[in-house]
Structures are given as structure tokens and as C-alpha cells.
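# Secondary and tertiary structure notes
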Amino acid sequence: MKKILLSILLSLSVASTTQAGMISLEKEIELGRDTGKQLEAQYGILQDSAQQQRINRIGQRLAKVCGRDEIKEWKFTILNNKEINALACPGGFIYVFKGLIDYMPSDTEIAGVLGHEVGHVAKKHTVHSIEKSMWGSLGAILVGVATGSSAGMQASMIGMQALQSGFSRTDERGADKEGVNNTLKAGFNPYAMLITANKLEDLAAEQHTPSYGLFSSHPEPEERIKRVTQQIGKLKITPTVETAQRGVTIKEGNLWSHDINVGIGNTKALYRGYMLAGSMWVVKQKGYIVPEQFFVINDGPKAIVYYNDTEVYTCYNADSTNGANAYANNLVAKLRDWARLVNSGAIPVNKVETSDKKKGKKK
């Protein structure tokens, strides 16, 4: 048996460590499930069915457009821990920490986070990292097989170690790019990744650390924000978000504008501007806009503006001396005017084709 193991090790040692195919789809899913169980045992699952369903709903939309159709079942789970982080396990098992949900409560922000994590799985970043680790630990695995111990357990431990060690800068940049693409294809606010990246940078400054949470492995948030900004800039999104004397102004040329002067909690006026402008852009992508389908739902100290089933903007009492509801209704009136301008052709729609369409592929 020792001679056989030695022969296997010698034959494998001459192969490239970057060779693909060590981990099949079935093994990838098994490793992801096993690693996920370890995370669940370590942190516990948040016992909030409404939040879990919400995360799954957002995640499934992103998974559907990411390009890994061979993964039939994706799992999105909130771990009961205050850490502001998220993790992508192999095979479509993605975990978000409760602390991140608290820090980034909107669907737009969560879509940015999950779009990034789905991007890691889509590009098999975790799988490739595990494969490299497995080459380094191949002897231990084969010894485990020879002695009758669980090779699956050995591989699972390697998977956990690879996950905890983080990704390379190249992989993180790739996941950022995929995150923007995924949110765009799934019909979410195209600024989702940018808002997420900026809020993590804010937290890093607040904590006096070079990086935080999702960026903790590779402290280059400013550079990543720059890249995401450039990628989104190519979409030529309108309305635009322009810095004003107080806060920001959302503008459609000289025909329509709306000022946002206050930040709410950890969400600066700029990020709220991205929320509104991006949501309006999403509405424009739907085709003809029915003005009367803008409406308000009151939710305690805040009022949420919707277009049909699309959440457009959240208003708070701090936005106006007249309160959140009055502010929201005023915004709805302005959005109905904006819709009429779009429908008349005075304001351009600027539809964006996804990379799949440009390549002539079916989505």
C-alpha cells in the first residue's frame, strides 16, 4: 500500500497545480454543503423566517443570471452573528452574517453583497483555491484513504481553510465585476455594488482600520471602488447623481431634478441619491411607465415609494419638517411628472444590453 501511495504521489507531483478538474460538480456541491454545516454549527442560523425568505428571494434572482446553470439548487442563509461579512462556499452555498443585514438593510445593498458572492461561485474562485490547497495537502488525503479515515472530512477541512484565508486580489476584482453584472441582469439597482463598497469603506474609516468585513482579506477598498465606479460609468445611467451645496441632486438634464439633503444613519445623502437614481433607471428599463403606478406605503417613521412591485425610495421624517409621508407623496407627484416626460420621449430611456445579448447568447 505504501508503494502504491508513493507511486500516486510521484505521478501527481509533476502535474500543474493550476490544472482544472480535480473537483467535479458533485464534489464541489458536497464540499460546499459540508463547509456550510461547519459554519452553521459555529455561528448558528438566524431564527427569522421572514429575513431568511427575503435573502433567498434576492439571492435566487442573482443566481439565475450568473451563468452556472449546472448548479440546480442554491442556498442563501443568514448566520446569527454580529460580524459584518458574507461568505461564498463551493456549489452555491452562500452565507450572510446578521451584522451585515443590520448595517445594510435595504434590498439594494443586499443585492450588491450577494451579487459579489454569487460571482465568486460563478467563477469557481473557491473551487480553484481549494484545488490548490488540495495539491498541497494531497499526501494527507491519500494517507487518510489508506488508513480508512474519511477523505471527505480531510477535503472539507481544506475547504474551510481555503474559505477563511480569503481570495486573491484578482479574484476579488473579478467578483466585483460579476457583482455589477449580476445585479444589472437580475433587474436590481445598478448602483448596488457601489453603495455596498462605499459603506464598507466608511466602516473601515470609522473603525480606524485599513479595511473591514468583505474587504478584510485584501485592503484595497479605494481601488475597488474606483473600478466599480468606472464599470458603472460605462452604462451611462440617467438620471445622474450630482453633488450639490447640500447633499446631492438627481437630474434628468434640465427637465427634472430632485434634491436629497440628508443622510440617514450610516447611509449618506450620496448613497440615497444612488438609491433613487438607480431605481428610476430600473423603472425606465421596464418599458412604458404608468404614472399612477407610483404609490406610497407607510411603515411607521418611514414611507416607502413603490412603482408597481419595485421599491423606488425610502423617505424618513428627517427628510422634511412635514414628515415622511408628506415628503413621499410629494416625491410621487414629481415621479409621475417624470414618467410622463419619459413616455413622451423628452427624457431618454437608455436601455443597456447585457454581455450575453451582445454575444448573441440566450439568457
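One can find the structure itself at the top, above this paragraph.
Residues numbered from 1 in each chain as written. Predicted model: local features only at pLDDT ≥ 70, side-chain atom pairs only at ≥ 80, totals over all residues. Heavy atoms only, no water.

## A look at the pattern of salt bridges
The condition is simple: Here, a salt bridge means any Lys or Arg side-chain nitrogen found within 4 Å of an Asp or Glu carboxyl oxygen. Under the DSSP-based scheme used, a helix requires at least four consecutive residues in state H or I and a strand at least two consecutive residues in state E, with every element numbered from the N terminus. Throughout, exposure labels follow a simple rule: accessible area from a 1.4 Å probe, protein chains only, divided by the maximum for the residue type, with under 20% read as buried, over 50% as exposed, and the rest as partly exposed.
Counted by the stated rule, this structure contains 17 salt bridges. Ionic pairing is found between glutamate 40 and lysine 75, a salt bridge with its closest N-O pair at 3.0 Å. Taken as a pair, glutamate 40 in helix α2 (residues 25-43) and lysine 75 in strand β1 (residues 75-79) lie far apart in primary sequence, 35 residues in all. Classification of glutamate 40 by relative accessible area gives buried; the value is 18%. Residue classification places lysine 75 among the partly exposed positions, given a relative accessible area of 33%. Several salt bridges converge on common partners, so that one network encompasses Glu28, Arg68 and Glu70.

## Some remarks on the packing of aromatic side chains
Using the following cut-off: Pairing of aromatic rings covers Phe, Tyr and Trp, the last counted by its six-membered ring, and requires centre-to-centre distances within 6.5 Å; plane angles under 30 degrees mean stacked, over 60 mean edge-to-face, and any other angle means tilted. We count a charge as sitting over a ring when the NZ of a lysine or the CZ of an arginine lies within 6 Å of the ring centre and within 35 degrees of the ring normal.
Tallied over the full model, the rule gives 6 aromatic pairs. When the ring of tyrosine 43 is compared with that of phenylalanine 97, the centres are 5.0 Å apart and the planes differ by 75°; the resulting orientation is edge-to-face. One end of the pair, tyrosine 43, is in helix α2; the other, phenylalanine 97, is in strand β3 (residues 93-97), with 54 residues separating them in the sequence. By relative accessible area, phenylalanine 97 is classed as buried at 1%. Relative to tyrosine 307, the ring of phenylalanine 294 has its centre 4.8 Å away and its plane inclined at 50°; by these criteria the two rings are tilted. Taken together, the positions of phenylalanine 294 in strand β7 (residues 294-299) and tyrosine 307 in strand β8 (residues 302-307) put the pair 13 residues apart, joining distant regions of the chain. Per residue, the accessibility class of phenylalanine 294 equals that of tyrosine 307, and both read buried. Linked through ring pairs, Phe294, Tyr307 and Trp338 together constitute an aromatic cluster. Sitting over the ring of phenylalanine 188, arginine 61 keeps its end group 3.8 Å from the ring centre.

## A word on the side chain of threonine 238
For clarity, the cut-off: A 3.5 Å cut-off defines polar contacts: any pair of N or O atoms within that distance qualifies, except that in protein one atom must be a possible hydrogen donor and the other a possible acceptor, and neighbouring residues in sequence count only when both atoms are side-chain atoms. What makes two residues a contact is simply this: any of their non-hydrogen atoms within 4.5 Å.
Here threonine 238 is to be found in the loop between α11 (221-233) and β4 (240-243). Within the structure, threonine 238 has its side chain in polar contact with the side chain of lysine 284 (distance 2.8 Å). Those residues in contact with threonine 238, other than ones at most four positions away along the chain, are Glu252, Trp281, Lys284 and Pro348.

## A short note on the packing of helix α10 (residues 192-206) against α11
This is how it is decided: Every angle, taken between N-to-C directions, lies between 0 and 180 degrees, and every axis is a line fitted to C-alpha atoms, over only the stretch in contact when it is a helix. We call two directions roughly parallel when the angle between them is under 35 degrees, roughly antiparallel when it is over 145, roughly perpendicular when it lies between 65 and 115, and oblique otherwise. What makes a crossing left-handed is the near helix being turned counterclockwise from the far one by less than a right angle; a clockwise turn instead makes it right-handed. The nonpolar class holds Ala, Val, Leu, Ile, Met, Phe, Trp, Tyr, Cys and Pro. Asp, Glu, Lys and Arg form the charged class, and all remaining residues, Gly among them, are polar.
Close contact between α10 and α11 brings their axes to 10 Å; oriented N to C, the two are set at 160°. In terms of axis orientation, α10 runs roughly antiparallel to α11. As α10 runs across α11, the sense of the crossing is left-handed. Mapping the contact onto sequence places Met193, Leu194, Ala197, Asn198 and Glu201 in α10 and Pro221, Glu222, Ile225, Val228, Thr229 and Ile232 in α11. Split into classes, the residues belonging to the contact of α10 with α11 amount to 7 nonpolar, 2 polar and 2 charged.

## Some details on the packing of helix α12 (residues 269-285) against helix α13 (residues 324-344)
Packed helix pairs are characterised by how far apart their axes lie and by the angle those axes make with each other. Contact pair α12 / α13: the axes reach a minimum separation of 12 Å and the direction vectors enclose 45°. The pairing of α12 with α13 is recorded here as oblique in orientation. Two packed elements cross with a definite hand, and for α12 against α13 that hand is right-handed. Across from Met280, Val283 and Lys284 in α12, the residues of α13 making contact are Leu335, Trp338 and Val342. Looking at the contact of α12 with α13 residue by residue, the classes come out as 5 nonpolar, no polar and 1 charged.

## Description of the nonpolar core
Within soluble globular proteins, side chains that are nonpolar generally end up buried alongside one another. The condition is simple: Residues belong to a common nonpolar core when they are buried Ala, Val, Leu, Ile, Met, Phe, Trp, Tyr or Cys residues joined through side-chain atoms within 4.5 Å.
Ranked by internal contacts, the top residues of the largest apolar core, which has 45 residues, are Tyr191, Ile250, Phe294, Val312, Leu335 and Trp338. Ranked by the residues each element gives to this core, the list is headed by α12, at 10 residues. If you look at the next biggest cluster of nonpolar residues, it comprises 31 residues, including Leu46, Ile94, Tyr103 and Leu200.

## A short note on the pairing of β3
Applicable threshold: Strand pairing is defined by DSSP finding a minimum of two bridges between the two strands.
Within β3, 5 of the 5 residues are buried, which leaves the element mostly enclosed by the surrounding structure. Here β3 shows a buried face lined by Phe93, Tyr95 and Phe97 and a second buried face lined by Ile94 and Val96. Bridging between β1 and β3 involves 5 bridges; their strand directions are parallel. Bridging from a neighbouring strand, lysine 75 pairs with phenylalanine 93 of β3. Where strand β2 (residues 86-89) lies against β3, 4 bridges are found, and the strand directions are antiparallel. Each bridged residue has a counterpart across the sheet, and for alanine 88 the counterpart in β3 is isoleucine 94. Hairpin connection of β2 to β3: 3 residues between the antiparallel strands, including glycine 91 at a positive phi of 75°.

These results come straight from atomic positions and should not be treated as a statement about function.
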